[in-house]
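A closer look at the structure
Single-letter residue listing:
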Amino acid sequence: MGRRRPGTPTLEEVAVHARVGRGTVSRVINNAAGVKESTRRAVQRAIEELGYVPNLAARSLAGRRADAVALVMTEPDWRQFAEPFFSEIVRSLGDALTDTGIQLLLTLVRSDTERQRFLEYARGGRVDGVLLMSVHAGDPLPDMLAEARLPTVLLGRRSGEEYVSYVDADNIGGARSAVSHLLRQGRRRVATITGPLDLYAAQCRLRGYEEALAMAGLEGEPTRVAESDFTAESGRRAMAELIERYPDIDGVLAASDTTAAGALEALRAAGRRVPEDVAVIGFDDFSLAQRTEPPLTTVRQPIEEIGRAMIRLLLEEMEEGAVAWRHVILRTELVVREST
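Residues numbered from 1 in each chain as written. Predicted model: local features only at pLDDT ≥ 70, side-chain atom pairs only at ≥ 80, totals over all residues. Heavy atoms only, no water.

- Under an unreviewed UniProt entry, the name given to the protein chain is LacI family transcriptional regulator, and the organism recorded is Streptomyces sp. SID12501.

Printed below as a string of structure tokens:
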């Protein structure tokens, strides 16, 4: 046992101050039943007056709970963490945990060594559950967590089938509605800038683009496709490549708002007017979409709902145990602004 810091109140001192037994203080701290409301208030008042901080390690050991969940990011490219999507998701998850008393721990896992290290960390009882985001095709971490029987929820999917619970947005439907909007405006040479195609979300948005063309009877047209990594710089490069390969482009769906912002810059540099010459649509609907010139039509992802759904599924698995994998797909919405 380490030496107590001078002035740090103990459980016994709280009990004396509240004029109750040590066990009563422990029951109040652990929110256990069987404590009178007046006694509970007296203990809570003593805790506040003394500035007592419960020994969470001992609490967790007694209840076999860490009161923490890990948010694991598997994105190997550091640039991705500067994108609005990551910060918005972290914020929504934090908001969803606000009233639970559970801490959100951010962890980076990008190699086999880091995967094994994290697996050992999680299996050691240091977290009660795991949230995974930015999982690329072939990443074994979800399977490793499933085999270890650790409650896990993915943001998105690695493929069409997942033996783990996940929450995703309707990427196919969102992209299809965006391209259909362009086609209804009379655009007929529509291109798309995808995200990294080893991400299932990017594959789905490409599929939605192709489905919209087929529904309009344009499946015989060449697919005007360039790949990006969701950053503005990759959006600029991809748009410049598309203009060079297909100079008659009159509409573009970009895989993210940041990518679309880069595409707008490339169009301006090429002397193309938006939306007169080329209409542009993004994906996400972050605040950036309202600050571009012109403001960006985009597919809104329900970020708040995604965060709440992920936490709800994870808490259910933590409390009830996994009896079934839960797959939740949330609707997207097209938000029309001046860029179309």
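On we go from here.
1. Focus on the sheet that holds strand 3 (residues 129-133)
- Read across the sheet, six strands follow the order 2-1-3-4-5-11 without closing on themselves; strand pairing throughout is parallel. Edge positions in the sheet fall to strand 2 (103-108) and strand 11 (327-330), since each has one partner strand and no second. When strand polarity is set aside, the average angle formed by the axes of neighbouring strands in this sheet is 20°.
- Pairing between strand 1 (residues 68-73) and strand 3: five bridges, direction parallel. For Ala70, the partnering residue across the bridge sits in strand 3 and is Val130.
- Seen against the sheet, helix 13 (residues 303-320) touches strand 1, strand 3, strand 4 (152-155), strand 5 (165-169) and strand 11 and runs at an angle of roughly 165° to strand 4. (Pairing = 2+ DSSP bridges. Helix = DSSP H or I, 4+ residues; strand = E, 2+ residues; numbered from the N terminus. Axes fitted to C-alpha atoms, helices over the stretch in contact; angles between N-to-C directions. Contact = heavy atoms within 4.5 Å.)

2. Some details on the packing of helix 1 (residues 11-18) against helix 3 (residues 37-50)
- Running from amino to carboxyl end, helix 1 crosses helix 3 at an angle of 120°, the nearest separation of the two axes being 9 Å. On the basis of their axis angle, the class for helix 1 and helix 3 is oblique. For helix 1 against helix 3, the interelement crossing comes out right-handed. Listed contacts from helix 3 to Glu13, Val14, His17 and Ala18 of helix 1 are Ala42, Val43, Ala46, Ile47, Glu49 and Leu50.
- Each residue belonging to the contact of helix 1 with helix 3 can be placed in one class, and the counts come to seven nonpolar, one polar and two charged. (Parallel < 35°, antiparallel > 145°, perpendicular 65-115°, else oblique. Left-handed = near helix turned anticlockwise from the far one by under 90°. Nonpolar A, V, L, I, M, F, W, Y, C, P; charged D, E, K, R; others polar.)

3. Here's the deal with the packing of aromatic side chains
- If you walk through the whole model with that rule in mind, you get three aromatic pairs.
- Ring centres of Phe85 and Phe86 lie 6.3 Å apart, and the angle between their planes is 80°; on these two criteria the pair is classed as edge-to-face.
- With a relative accessible area of 7%, Phe86 lands in the buried category.
- A network of ring pairs unites the aromatic residues Phe85, Phe86 and Phe286 as a single cluster.
- One residue, Arg205, lies across the ring of Phe283, its end atom 3.9 Å from the ring centre.
- Above the plane of the ring of Tyr246 lies Arg224, whose end atom (NZ or CZ) is 5.7 Å from the centre. (Phe/Tyr/Trp six-rings, centres within 6.5 Å; stacked < 30°, edge-to-face > 60°. Buried < 20%, exposed > 50% of the residue type's maximum accessible area, 1.4 Å probe, protein only. Lys NZ or Arg CZ within 6 Å of the ring centre and 35° of its normal.)

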